[in-house]
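Here is how the chains run, residue by residue.
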Amino acid sequence: MNKEPKEFVRRADAKLFLSIVAAGLLSFTGVVIETAMNVTFPTLMREFSVGTSTVQWLTTGYLLVLATVIPTSSFLKHRFPLKKLFVVGNLLFLSGTVLDAVAGSFPMLLLGRLFQGAGTGIGLPLMFNLVLDQAPLNKIGTMMGAAMLVCALAPAVGPSLGGFIVGQFGWRMIFVALVPGLLFSLGAGLYAIRQSSPYGPRAFDSFGLGCLAVAFSCLLLLCSYASSLPVLPCLGLAALGLLAVEIFLRQENRLLQRGKAPLLNLDVFRSVSFDGAVLGLLLVQFLCLGIGFLLPNYAQLVLRADPFSAGCILLPGCLVGAALAPVSGRLYDRLGAAKPLLVGSLCLLLSQVGYNLVLGTVGILGLTLVYVIFTVGQGLSAGNILTYAMGQLPAAIQPDGNAVCNTLQQLAGAVGTAMAAALVAAGQQAGPDLSTGTGLGTAHAFILLLVLALCQGICIFWALKKGRR
């Protein structure tokens, strides 16, 4: 039997802000540890006697679990009370963090990362669902900006924090440093999270989830090993992944036709404006993760910067983007969707034009300044695109739309990193030396990002043109 909460009144009070911060800290810590660990890989390879292809599963495995759990967010929201759901997510992440801090073997370290992925997979969509369900309707843009602010600082903090901690205290302290924030998140969530929607027993589409897990696994394996695997295994993985997607689509449509609850309600894709906004959002994530990989590596291998300085190349821009996140939400509330979204897309495009013009002629300062332009565009775009996309859907399927957006964002980020890395690796093989080859591959990658930035603007223009409000 569904349990109906008392009539919930939307209000922007301290409890709402605190509940968003509590859920957002799970996302924040997830991104921090993901980016911070990139600088620990050489140390972990030596300590645990593993190769590059093995150590990368600390990121790949995390993203795989994250992308698999997020599609269940709509089911979880309708099945369990929000507070209990949050507690489970927080304890999963906290358990994984403690396990990693004391890990004596690589499998134990990887297991901890998988727990962290499950915790983030619960916390990330929960944060956005709290905004959509509980924020006053005239302040959803502002509150979405506040939610994005919680996560926006993570890409800036991660690389510089990781480089500093590894150099001063060792890699285990990266995990230890997260524990106080997670405990604060747990306490704040227990106090502040309120129930705003009914919940109760409902059927779970475990077969559909299995199909998604297979499809995501094939995609991530291709992204990780396409350059080293023979052609036939790559084609086999691609075929298996496409088959899993086809079976998943048929399964979800069959459940909808029978009046049963699917894992994801694919009716969200019936809105053309939602589809355009989602594509624009995915391209923002692709650009963000691609640049986040390219700049630190270019700084180290071409400009000869140390790891800490290379990590800090993203810091000013990310701080600007984080400061802009809540402001952009207010602009959305006051001016509507078109102006902030189109200006954001223009900034994204200008930043990629800038990189293609100045790469190879400027140092760290020049690259940092262009990145600030990019983060202005990202700050105006990311949260506002998600707000706009949700506004194109009926309220009943907004949780499904939220799950779709967050799931595809994780995959877009993984693919963006993998493709950027593949282009850099190809340049390194073609160049006469590592530095020259890295510069060549980075230049090719930024050409791709320029094309995708143009496509992002076209998607947003199309979504706004077709929007219902």
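Everything that follows concerns the structure shown earlier in this document.
Residues numbered from 1 in each chain as written. Predicted model: local features only at pLDDT ≥ 70, side-chain atom pairs only at ≥ 80, totals over all residues. Heavy atoms only, no water.

### Some details on the overall build of the protein chain
Each helix and strand counted, the protein chain has 20 helices and zero strands in total. Looking at the protein chain as a whole, 53% of its 469 residues qualify as buried. Considering only intrachain contacts with a sequence separation of at least 6, the fraction spanning at least 24 residues in the protein chain is 83%. Accessible surface computed for the protein chain: about 19200 Å², of which carbon and sulfur atoms make up 69%. (Helix = DSSP H or I, 4+ residues; strand = E, 2+ residues; numbered from the N terminus. Buried < 20%, exposed > 50% of the residue type's maximum accessible area, 1.4 Å probe, protein only. Contact = heavy atoms within 4.5 Å. Areas by Shrake-Rupley, 256 points an atom, 1.4 Å probe, with all protein chains shown as cover.)

### So, the pattern of salt bridges
Evaluated as defined, the whole model comprises three salt bridges. Residue Arg250 is joined to Glu246 by a salt bridge in which the shortest nitrogen-to-oxygen separation is 2.7 Å. Placement of both Arg250 and Glu246 in helix α13 (residues 231-257) is noted, with a separation of four residues, approximately one turn of the helix. Residue classification places Arg250 among the exposed residues on the basis of a relative accessible area of 53%. A salt bridge links Arg270 to Asp267, with the shortest nitrogen-to-oxygen separation between them at 2.7 Å. With a relative accessible area of 67%, Arg270 lands in the exposed category. The exposure class assigned to Asp267 is partly exposed, which follows from its relative accessible area of 27%. (Salt bridge = Lys/Arg side-chain N within 4 Å of Asp/Glu carboxyl O.)

### With respect to the side chain of Thr68
Mapped onto the elements of the fold, Thr68 is located in helix α4 (residues 57-69). When its relative accessible area of 14% is taken as the criterion, Thr68 is described as buried. Here Thr68 is in contact with Leu209, Ala213 and Phe216, once residues within four sequence places are set aside.

### Observations regarding the packing of helix α19 (residues 398-430) against helix α20 (residues 434-466)
Two elements in contact, α19 and α20, have axes separated by 7 Å at closest approach and are oriented at 140 degrees. In terms of axis orientation, α19 runs oblique to α20. Note that α19 runs across α20; the crossing there is right-handed. Contact residues: Met419, Leu423, Val424, Gly427, Gln428 and Ala430 in α19; Leu434, Gly437, Thr438, Leu440, Gly441, Thr442, His444, Ala445 and Leu448 in α20. Here the contact of α19 with α20 is composed, by residue class, of eight nonpolar, seven polar and no charged. (Axes fitted to C-alpha atoms, helices over the stretch in contact; angles between N-to-C directions. Parallel < 35°, antiparallel > 145°, perpendicular 65-115°, else oblique. Left-handed = near helix turned anticlockwise from the far one by under 90°. Nonpolar A, V, L, I, M, F, W, Y, C, P; charged D, E, K, R; others polar.)

### Overview of the packing of aromatic side chains
The final tally for this structure, using the stated rule, is seven aromatic pairs. Taking 6.4 Å as the distance between ring centres and 65 degrees as the angle between the ring planes, the aromatic pair formed by Phe48 and Phe106 counts as edge-to-face. Of the two residues, Phe48 sits in helix α2 (residues 41-48) while Phe106 sits in helix α7 (residues 106-134), which places them 58 residues apart along the sequence. Here Phe48 and Phe106 have matching classes, each one buried. Centre to centre, the rings of Tyr355 and Phe446 are 4.6 Å apart; their planes meet at 25 degrees, and the pair counts as stacked. Taken together, the residues Tyr355 in helix α17 (residues 338-358) and Phe446 in helix α20 connect sequence positions 91 residues apart. The pair formed by Tyr355 and Phe446 is uniform in burial state, with each residue classed as buried. Among the aromatic residues, ring-to-ring pairing joins Phe48, Phe106, Trp171 and Phe175 into one connected group. (Phe/Tyr/Trp six-rings, centres within 6.5 Å; stacked < 30°, edge-to-face > 60°.)

### Details of the nonpolar core
With 114 residues, the main nonpolar core has Leu44, Leu109, Phe274, Leu295, Tyr371, Met390 and Phe446 as its most contacted residues. The leading source of residues in this core is helix α14 (residues 272-301), at 15 residues. Look past the residues within four positions of Leu44 in its chain and what remains in contact with it is Met37, Ser49, Val50, Val55, Leu58, Leu109 and Trp171. (Core = buried A, V, L, I, M, F, W, Y, C linked by side-chain atoms within 4.5 Å.)

By themselves, these observations are geometric and do not establish any function.
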